[in-house]
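# Working through the structure, step by step
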Amino acid sequence: MTREQIEEKLRLAFQPAYLEVHDESYRHNVPAGSESHFKVVIVSDLFAGQRFLARHRAIYGELATELSGSVHALALHTYTLKEWEGLQDTVLASPNCRGAGTFA
């Protein structure tokens, strides 16, 4: 449910040409079924002229409720359409969390 909320808010706020929201909680040391760690790949021309920090702040603002609740980590990959050209296959995979799978 959290993934869907994040996706809906980002679609409304940024009208992305491309959006992926991945729940990566399973890669971290959290209880089964947790929705706490996400990776977002978003492509929007609304980011034109903005540095990455400004893009991230805008996203954090849209997701303030989620970030103050169950969402512990948010990996952001933000691009304009021009930046995204040729990058589709090069978005870095997230590393495994130290201690992943050892939650007792």
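Check the entry above for the structure.
Residues numbered from 1 in each chain as written. Predicted model: local features only at pLDDT ≥ 70, side-chain atom pairs only at ≥ 80, totals over all residues. Heavy atoms only, no water.

### So, the overall build of the protein
- When its secondary structure is counted, the protein shows four helices and three strands.
- Each helix and strand of the protein, ordered N terminal to C terminal, gives the series α-β-β-α-α-β-α.
- Per-residue burial for the protein yields a buried fraction of 35% across its 104 residues.
- The contacts of the protein with a sequence gap of at least 6 include a subset with a gap of at least 24, amounting to 65%.
- For the protein, the exposed surface amounts to about 6500 Å²; the carbon and sulfur share of it is 54%. (Helix = DSSP H or I, 4+ residues; strand = E, 2+ residues; numbered from the N terminus. Buried < 20%, exposed > 50% of the residue type's maximum accessible area, 1.4 Å probe, protein only. Contact = heavy atoms within 4.5 Å. Areas by Shrake-Rupley, 256 points an atom, 1.4 Å probe, with all protein chains shown as cover.)

### Some details on the nonpolar core
- In terms of nonpolar packing, the biggest core is built from 14 residues, with Ile6, Leu10, Val40, Ile42, Ile59 and Leu74 touching the most fellow members.
- Looking at this core, the elements with two or more residues in it are helix H1 (2-14), strand S1 (18-23), strand S2 (37-43) and strand S3 (73-79).
- Not counting chain neighbours up to four residues away, the residues in contact with Leu74 comprise Phe38, Val40, Ile59, Tyr60, Leu63 and Leu67. (Core = buried A, V, L, I, M, F, W, Y, C linked by side-chain atoms within 4.5 Å.)

### A short note on the sheet that holds S2
- The strand order across the open sheet formed by three strands is S1-S2-S3, and the pairing between neighbours is mixed. Strand pairing shows two members of the sheet lacking a second neighbour, S1 and S3, which therefore form its edges. Strand-to-strand twist in this sheet, taken as the mean axis angle between neighbours without regard to direction, amounts to 10°. (Pairing = 2+ DSSP bridges. Axes fitted to C-alpha atoms, helices over the stretch in contact; angles between N-to-C directions.)

### A closer look at the pairing of S3
- In terms of residue burial, S3 counts as a mostly covered element, since five of its seven residues are buried.
- Relative to S3, S2 runs parallel, the two being bridged by seven bridges. Bridging from a neighbouring strand, Val41 pairs with His77 of S3.

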